[in-house]
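Summary of the model geometry
Listed below, chain by chain, are the residues.
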Amino acid sequence: MKRVGYMLLYVCLIVVAVFQVFPVLWLFLFSLKNNQEIFSKSPFSLPSEFRWENYLKVWDSGIGSYFWNSVWITGVAIVFTVLLASMAAFAITRMQWKGSKLVLGLFMVGLMIPIHSSIIPLFNMFLNVNMIDNPWSIVITYTAYNLPITLMILLGFYYTLPREIEEAAIMDGCSVHRIFFKIIFPMTIPVISTTVIINMIYNWNEFVFVNTFISSDEYKTLTVGIQNFIGQYMTDWGAIGATLIISMLPILLAFLFFSNKVVEGISSSAVKG
Amino acid sequence: MNRVMSNKWIIGMYILPAFLLISIFIFIPLLLSGYYGLMDWDGIGAMKYIGMENYFNAIQDGLFWQSAFHSFMLALFSAVSLIVYLAISLVLASKIKGSNLLRKIYLIPMLLSSVAIAQLWIKVFNPSNGILNSILVSLGVDNPPAWLAEPAVVLYAIFIPILWQYAGFYILIYYAALKNIPESIVEAARIDGATPFQIAFKIKLPLIMGVVKVTIVLAVVGSLKYFDLIYVMTGGGPNGASEVMASYMYKLAFSSNDFGYGSAIGFLLLIITLIVTVVVRKVTASKEELQY
């Protein structure tokens, strides 16, 4: 009786797992088919032959350039975010000053705000300084909006570092900059890798800012690019499927290799949601 | 030590870049949104001060209330679905083989962009070639709905991918909280003759209530500001049937060029989110947190 109940629960868990991955597997299946197969055969059938040319076709007709935009914008924003958040975490946890609690509180509040309440003034701001349709407006925005969550993840680690580190370093006549860049920052590499992955997921998948601030095709990132692209290829399911799989691949690969980091980062980003 | 680590210049050098960025790009725009809400403004020309008119209009705007109702429905569905995630996590955390792999599989949709999820589910919901209707037809359903094209169904249809997207996230959080409960407590209860159900409901659940409350706030607030997937999947249509607050605001500003009114709605969205956060916190607050 107990075994039956256990099996039943197990089956439930597996059903949920199938529900969670099946749509993505189905997407991969139809990304390798042509329209004739898709419209005449069962949606569950395997492709008669793997049509990888779907991938080549969409890559050459524009997806490649969106992809590289996503890569550099995501990458540069991550470097800024992690560096500035690390410096802020250092100042807040290791240095003594009035108002550090208040500033920390502001970062916490920054986690909660709906971006739609700030996007019109932000748009106007960039318009006034001539930075609409400029990819740097996206880099700056990503950096600013990811600072709170990155800081939150870093703080826990900074609080656990023993004070003796700085005490000893200062005794030896070490400057604050040397303490941060040569001692503390290298010690935080494990938690930095977590924040890098979380930032990567957020930046790679972001949609609203790019959709609002960027109008030229040459600066669009994948999320917005595929949106336009799919508009043109409305009826070619294979091309749409290939496009979507390409857009998902970098994050899925990162997950495959660093799933524990991703799990850790997402758990500690619970405050953001 | 103290002298070196409290040097004002150095502190400024470390905290100011991050602090200025969030002030300029997060907090000042928030305040400006409330201010722009007082203007008649098309986004290009000069602003004209019109007092509280936009805010009064919003209160009387049936479309705004309709979109707010949809947002609150999503919040309700998201909050109720937490019960399911909690149940799954309770099973998952009870020493089941492969639980680590399963929770990672659950997380996969969370890693995908809302645009990709939306495009994928447009295909899932496709009336003739999508998997959903294919399954329904093979189960003997004669006329399955055209999901995204039917005003009566569309709102609930788009809730499915949204819940699909976030399920793994909440399961992960509950799982982590349950794994944090010391084994000795559960063991002691088992020795005293508690059944698995009693252990789950009388011991484990009360111990993770703090985390559950946080997730309720997250689910509700996250739903109220939800945008991407709905915007891509239906654009709020057909005929406003799936419009939510954020998509209504976005449309007003960036399609109708009514930046003043859009700002007012954006500011109301902020106020509503703040009020609901406080209310949910108050409702779920208990006098003392359980400790172990």
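In this text the structure is predicted, and so the values were computed from the model without any measurement.

Reading the values: the criteria
Residues numbered from 1 in each chain as written. Chains lettered and ligands numbered in written order. Predicted model: local features only at pLDDT ≥ 70, side-chain atom pairs only at ≥ 80, totals over all residues. Helix = DSSP H or I, 4+ residues; strand = E, 2+ residues; numbered from the N terminus. Rg over C-alpha atoms; globule rule 2.2 N^0.38 Å. Buried ≥ 20, exposed ≤ 12 C-beta atoms within 10 Å, placed from the backbone. Contact = placed C-beta atoms within 7 Å. Nonpolar A, V, L, I, M, F, W, Y, C, P; charged D, E, K, R; others polar. Core = buried A, V, L, I, M, F, W, Y, C linked by C-beta atoms within 7 Å. Axes fitted to C-alpha atoms, helices over the stretch in contact; angles between N-to-C directions. Parallel < 35°, antiparallel > 145°, perpendicular 65-115°, else oblique. Left-handed = near helix turned anticlockwise from the far one by under 90°. pLDDT = per-residue confidence, 0-100.

Attention now moves to the overall build of chain B. Along its length, chain B carries 14 helices and two strands. Taken over C-alpha atoms, the radius of gyration comes to 24 Å for chain B, far larger than the 19 Å a tight globule of 292 residues would show. Overall, chain B is about 80 × 75 × 35 Å in size when its C-alpha atoms are taken along their principal axes. Taken over 292 residues, chain B has a buried fraction of 43%. Counting only contacts in chain B whose residues sit at least 6 apart along the sequence, the fraction spanning at least 24 positions is 70%.

Along the backbone of chain A there are 12 helices and zero strands. For chain A, whose C-alpha radius of gyration is 23 Å, the value lies well above the compact-globule estimate of 19 Å for 273 residues. Considering only C-alpha atoms, chain A reaches an extent of 75 × 65 × 35 Å along its principal axes. Here chain A, with 273 residues, has 46% of them falling under the buried criterion. Within chain A, residue pairs in contact and separated by at least 24 positions form 78% of the contacts whose partners lie at least 6 positions apart.

We now examine the interface of chain B and chain A. Contacts between chain B and chain A engage 72 residues on the former and 73 residues on the latter. Ranked by the residues each element gives to the side of chain B that touches chain A, the list is headed by helix 2 (residues 8-36) of chain B, at 16 residues. Partitioning the side of chain B that touches chain A into residue classes produces 54 nonpolar, 15 polar and three charged.

Before going further, it helps to examine the environment of B:Val211. Residue and element names in this part refer to chain B. Looking at the element boundaries, valine 211 is found in helix 11 (residues 209-224). A tally of 18 C-beta atoms within 10 Å means that valine 211 is categorised as partly exposed. When the C-alpha atoms of valine 211 and alanine 176 are compared, they prove to be 9.8 Å apart, with 35 residues separating the residues in sequence.

Here we take up the environment of B:Ser134. If you trace the backbone, B:Ser134 turns up in helix 7 (residues 131-138). For B:Ser134, a count of 17 C-beta atoms within 10 Å translates into the label partly exposed. Through-space distance from the C-alpha of B:Ser134 to that of B:Val124 is 9.5 Å; in sequence the pair is 10 residues apart. Ignoring any residue separated from it by four or fewer positions in sequence, one finds B:Ser134 in contact with A:Ser42 and A:Pro43.

What follows is about the environment of B:Ser263. Among the secondary structure elements, B:Ser263 is positioned in helix 14 (residues 259-284). Classification of B:Ser263 by C-beta neighbours within 10 Å gives buried; the count is 31. Sequence-wise, B:Ser263 and B:Leu38 are 225 residues apart; in three dimensions their C-alpha atoms are separated by 8.6 Å. Setting aside its immediate chain neighbours within four residues, B:Ser263 contacts A:Ile120, B:Ser33, B:Tyr36 and B:Gly37.

With 165 residues, the main nonpolar core has A:Ala88, B:Ile171, B:Tyr174 and B:Ile265 as its most contacted residues. In terms of residues, this core owes the most to one element, helix 8 (residues 154-179) of chain B, which gives 17 residues. In this view, B:Tyr174 contacts B:Tyr85, B:Leu86, B:Ser89, B:Ile208 and B:Val211; residues no more than four positions away in its chain are not counted.

Geometry of a packed helix pair, given as the angle between the helix axes and the separation of the axes. Residues and elements named next belong to chain B. Contact geometry for helix 2 and helix 14: axes closest at 7 Å, N-to-C directions at 125 degrees. With respect to their mutual orientation, helix 2 and helix 14 come out oblique. Of the two elements, helix 2 crosses helix 14, and the hand of that crossing is left-handed. Contacts between helix 2 and helix 14 pair Leu30, Ser33, Gly34 and Tyr36 from the former with Phe259, Gly260, Ser263, Gly266, Phe267 and Leu270 from the latter. Here the contact of helix 2 with helix 14 is built from residues that sort into five nonpolar, five polar and no charged.

What follows is about the confidence of the model for chain B. Of the residues in chain B, 97% have a pLDDT of 70 or more, and the chain-wide mean is 89. For this predicted complex, the interface confidence score (ipTM) comes to 0.89, while the overall pTM stands at 0.91.

Take unusual backbone geometry next. Residue and element names in this part refer to chain A. The residue asparagine 130 is not glycine, and still its phi comes out positive at about 60 degrees. Inspection of the secondary structure puts asparagine 130 in the loop between helix 5 (119-128) and helix 6 (135-160). Here asparagine 130 falls in the exposed class, since 9 other C-beta atoms lie within 10 Å of it. Positive phi values are uncommon outside glycine, yet aspartate 133 reaches one of about 65 degrees. Summarising the element assignment, aspartate 133 is placed in the loop between helix 5 and helix 6. You can call aspartate 133 partly exposed: it has 14 C-beta atoms within 10 Å.

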